[in-house]
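# Architecture at a glance
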Amino acid sequence: MNFYVMNVLVIAAHPDDEVLGMGGTMLRHAKENDTVNVMYLATGITSRKNDSLVTKNSDYKRIQKKYQNEIKKLRNDALSAAKLLNVEKTTFFDFPDNAMDSVPQIEITKVIEKEIAKNKPDRIYTNHFNDLNVDHRTVFNATMTACRPVNFIVKEIFSFEVLSSTEWNYPLKFNPNYFVNIKNQLSKKISAMKCFKSEIKKFPHPRSPEGIKTSASKWGSVAGFDAAEAFEIIRKIEK
């Protein structure tokens with residue numbers, strides 16, 4: 001895929017985005033001795049609660065504890081998946097799930113800027129700008145703002161799809177122009193997704209093992225492989 005060892009930073013809205021979009025590619029990077037770090041910006045859980053139905057303080061505390069436990073479980077699942085995908089470091093943040101557009105973009109951008117300053121990535125992968133999920137779009141916009149070509153310049157920015165989100169935003173489209181052969185990584189990608197016990201689904205849901213295989217076959221057929229992951233190159237700077 002590349003001709004030199006690189007630092008790779010994956011900026012994902014939620015735990016599991018990166019596995020669905022580029023689990024095989026992450027394994028390819030690790031195989032080539034690239035350093036892969038992942039940052040998750042949203043909790044992936046908090047939008048599922050409804051505090052408006054809570055009338056007692058004791059109930060509120062109980063529900064808060066329940067959701068904190070769910071967040072902890074999801075993060076443990078993410079760490080298990082990261083281990084399978086040979087991720088060097090995983091960092092979690094606490095922006096509200098499915099409500100990141102309620103946060104001033106500058107706050108999200110500053111968090112990303114700090115991670116870029118620490119990791120000094122040669123390449124960034126992030127969510128797609130035409131995605132159905134508002135958090136995915138917000139993360140893309142904040143990433144692009146953080147990657148303004150001043151101070152440390154990120155030379156490459158790629159965008160990945162998230163199954164059951166990107167493809168459902170019709171008529172807008174994901175238009176990939178970069179493909180990675182993941183024939184040898186597909187089974188491990190599916191194993192990594194199975195770590196997310198609350199997120200893996202049954203077929204015909206796109207986030208099922210069969211759905212992941214179907215997507216890999218589709219992009220593989222576009223690129224001439226048995227299985228592939230697809231990306232849009234957002235920016236590539238040659239010095």
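Here we summarise the structure given alongside this text.

Procedures and definitions
Residues numbered from 1 in each chain as written. Predicted model: local features only at pLDDT ≥ 70, side-chain atom pairs only at ≥ 80, totals over all residues. Heavy atoms only, no water. Helix = DSSP H or I, 4+ residues; strand = E, 2+ residues; numbered from the N terminus. Buried < 20%, exposed > 50% of the residue type's maximum accessible area, 1.4 Å probe, protein only. Contact = heavy atoms within 4.5 Å. Phe/Tyr/Trp six-rings, centres within 6.5 Å; stacked < 30°, edge-to-face > 60°. Core = buried A, V, L, I, M, F, W, Y, C linked by side-chain atoms within 4.5 Å. Salt bridge = Lys/Arg side-chain N within 4 Å of Asp/Glu carboxyl O. Pairing = 2+ DSSP bridges. Axes fitted to C-alpha atoms, helices over the stretch in contact; angles between N-to-C directions.

Glancing now at the environment of Ala227. Along the chain, Ala227 falls in the loop between helix H6 (209-223) and strand E7 (228-236). Classification of Ala227 by relative accessible area gives buried; the value is 4%. When near neighbours in sequence (up to four residues on either side) are disregarded, Ala227 contacts Val180, Asn181, Ile182, Lys183, Leu186, Ala216 and Gly220.

In this structure, the amide linkage connecting Tyr170 to the following residue, Pro171, adopts the cis form with an omega of 10°. Along the polypeptide, Pro171 turns up in the loop between strand E5 (156-160) and strand E6 (178-181). Going from Phe203 to Pro204, the amide bond is cis rather than trans, its omega being 15°. Here Pro204 shows up in the loop between helix H5 (186-194) and H6. A positive phi angle is found at Asn33, which is not glycine, with a value near 70°. Residue placement: Asn33 occurs in the loop between helix H1 (17-31) and strand E2 (35-42). Residue class for Asn33 comes out exposed when judged on its relative accessible area of 59%.

One pass over the full model with this rule turns up eight aromatic pairs. With a centroid separation of 5.2 Å and 25° between ring planes, the pair formed by Tyr40 and Phe92 is classed as stacked. Residue Tyr40 is located in strand E2, and its partner Phe92 is located in strand E3 (residues 89-95); the two are separated by 52 residues in the primary sequence. Ring centres 5.2 Å apart and planes at 50° place the aromatic pair Phe129 and Phe140 in the tilted group. On the criterion of sequence distance, the pair formed by Phe129 in the loop between strand E4 (123-126) and helix H4 (134-146) and Phe140 in helix H4 is long-range, its members being eleven residues apart.

Core analysis: the biggest nonpolar cluster contains 39 residues, and Val10, Tyr125 and Phe231 have the highest contact counts within it. Of all the secondary-structure elements, those providing two or more residues to this core are strand E1 (7-12), H1, E2, helix H2 (57-84), E5, E6, H5 and H6. If we ignore the near neighbours within four places in the chain, the residues touching Val10 are Glu18, Met22, Val36, Asn37, Val38, Met39, Tyr125 and Phe160. Of all hydrophobic cores here, the second largest spans 21 residues; its members include Leu9, Ile112, Cys147 and Val154.

Looking now at the pattern of salt bridges. Opposite charge on two side chains allows them to pair when their charged atoms are near. Evaluated as defined, the whole model comprises twelve salt bridges. Of the charged contacts in the structure, one is a salt bridge between Arg28 and Glu32, with a shortest N-O distance of 3.7 Å. When its relative accessible area of 17% is taken as the criterion, Arg28 is described as buried. We note a salt bridge from Glu199 to Arg207, for which the minimum N-O separation is 3.3 Å. One network of salt bridges, with partners in common, ties together Arg123, Glu156, Lys236 and Glu238.

Glancing now at the sheet that holds E1. The strand order across the open sheet built from seven strands is E3-E2-E1-E4-E5-E7-E6, with neighbouring strands paired in mixed fashion. The sheet is open, and its two edges are formed by E3 and E6, each paired on a single side. Across this sheet, the average inter-strand angle for adjacent strands is 25°, counted without regard to direction. The pairing of E1 with E2 spans six bridges and is classified as parallel. Bridging across to E2, Leu9 finds its partner in Asn37. Each of E1, E2, E4, E5, E6 and E7 touches H1; the most contacted strand, E7, lies at about 85° to it.

Here five bridges tie E5 to E7, and the two strands are oriented antiparallel to one another. Bridge pairing in E7 links Phe160 to Phe231. Note that E6 and E7 share four bridges and pair antiparallel. Across the sheet, Asn181 pairs through a bridge with Ala228, a residue of E7.

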